[in-house]
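# Structural description and commentary
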Amino acid sequence: MDILKAIKIRRSVRDFKQKAIPRKAIETLIEAARFAPTARNVQPWEFIIITDASMLEKIGGLAENGRFIAKSACCIALYCAETKYYLEDGSAATQNILLAAAAEGIASCWVAGDKKPYCSQISALLGAPASFKLVSLIALGYPQNKKSFYAALKRSRKEMMHWEKF
């Protein structure tokens, strides 16, 4: 799929079919993430792939804005070493995963990490080292409703684009 099309169709989906995602597709998403831009080429990220239903339920139970993770086919917990630009680097890798998922026909939803109160509990559950920051939880699955996969209306370019000054 063309990258601009993937950008335009991607949106947050929280209702998934009970259908497994092939391992190869998940590896493709991680491949996209590892090519994200990173300050000083530090590449501080680590990815924990969760497909076990009981573990997905536990994570969904802890993440107050990510309850739907419990019913997803997969969740990628994206951690970064605590570097100067870990949040920017981790966010870029997260965005690459979201776009690659759209290109693969996989629905996704980015659930915040980092400053959320559940981070330490999820990190303990996943055995993540204390020196790493949970940047995002990415719920993945095939959309229950194909129409929900397509992007919502966006503000027009004219409304937000400024040349030379605001």
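Before reading further, recall that the structure is shown in the block above.
Owing to the predicted nature of the structure, the values given are computational and were not obtained by experimental measurement.

## A look at the overall build of the chain
- Assigned secondary structure in the chain consists of 6 helices and 4 strands.
- Secondary structure elements of the chain occur, N-terminal to C-terminal, as α-α-β-α-β-α-β-α-β-α.
- Computed over the C-alpha atoms, the radius of gyration of the chain is 16 Å, within 12% of the 15 Å expected from 2.2 N^0.38 for a compact globule of 166 residues.
- Over its C-alpha atoms, taken along the principal directions, the chain stretches across nearly 45 × 40 × 30 Å.
- Evaluated residue by residue, the chain yields a buried proportion of 40% over its 166 residues.
- Look at the contacts in the chain between residues 6 or more apart in sequence, and 79% of them connect residues 24 or more apart.
- With an accessible surface of roughly 9800 Å², the chain has 54% of that area assigned to carbon and sulfur atoms.
- Positive and negative charge centroids in the chain, built from 25 and 15 side chains respectively, lie 7 Å apart.

## Thoughts on the environment of Ala-130
- Mapped onto the elements of the fold, Ala-130 is located in the loop between α5 (119-126) and β4 (132-141).
- Linking Ala-130 and Ala-20, residues 110 residues apart in sequence, is a C-alpha distance of 31 Å.

## What to know about the sheet that holds β4
- Overall, antiparallel pairing links the 4 strands, which are arranged β1-β2-β4-β3 in an open sheet. Of all strands in the sheet, those bounded by a partner on one side alone are β1 (45-50) and β3 (107-112). Each adjacent strand pair in this sheet contributes to an overall mean axis angle of 20 degrees, direction not counted.
- As judged from the 6 bridges shared by β3 and β4, these two strands associate in the antiparallel manner. Bridge assignment links Val-111 to a residue of β4, and that residue is Leu-137.
- Across the face of the sheet, helix α4 (residues 86-103) comes into contact with β1, β2 (74-81), β3 and β4 while running at roughly 10 degrees to β4.

Conventions we followed
- Residues numbered from 1 in each chain as written.
- Predicted model: local features only at pLDDT ≥ 70, side-chain atom pairs only at ≥ 80, totals over all residues.
- Heavy atoms only, no water.
- Helix = DSSP H or I, 4+ residues; strand = E, 2+ residues; numbered from the N terminus.
- Rg over C-alpha atoms; globule rule 2.2 N^0.38 Å.
- Buried < 20%, exposed > 50% of the residue type's maximum accessible area, 1.4 Å probe, protein only.
- Contact = heavy atoms within 4.5 Å.
- Areas by Shrake-Rupley, 256 points an atom, 1.4 Å probe, with all protein chains shown as cover.
- Lys, Arg positive; Asp, Glu negative; His and termini not counted.
- Charge placed at Lys NZ, Arg CZ, Asp CG, Glu CD.
- Pairing = 2+ DSSP bridges.
- Axes fitted to C-alpha atoms, helices over the stretch in contact; angles between N-to-C directions.

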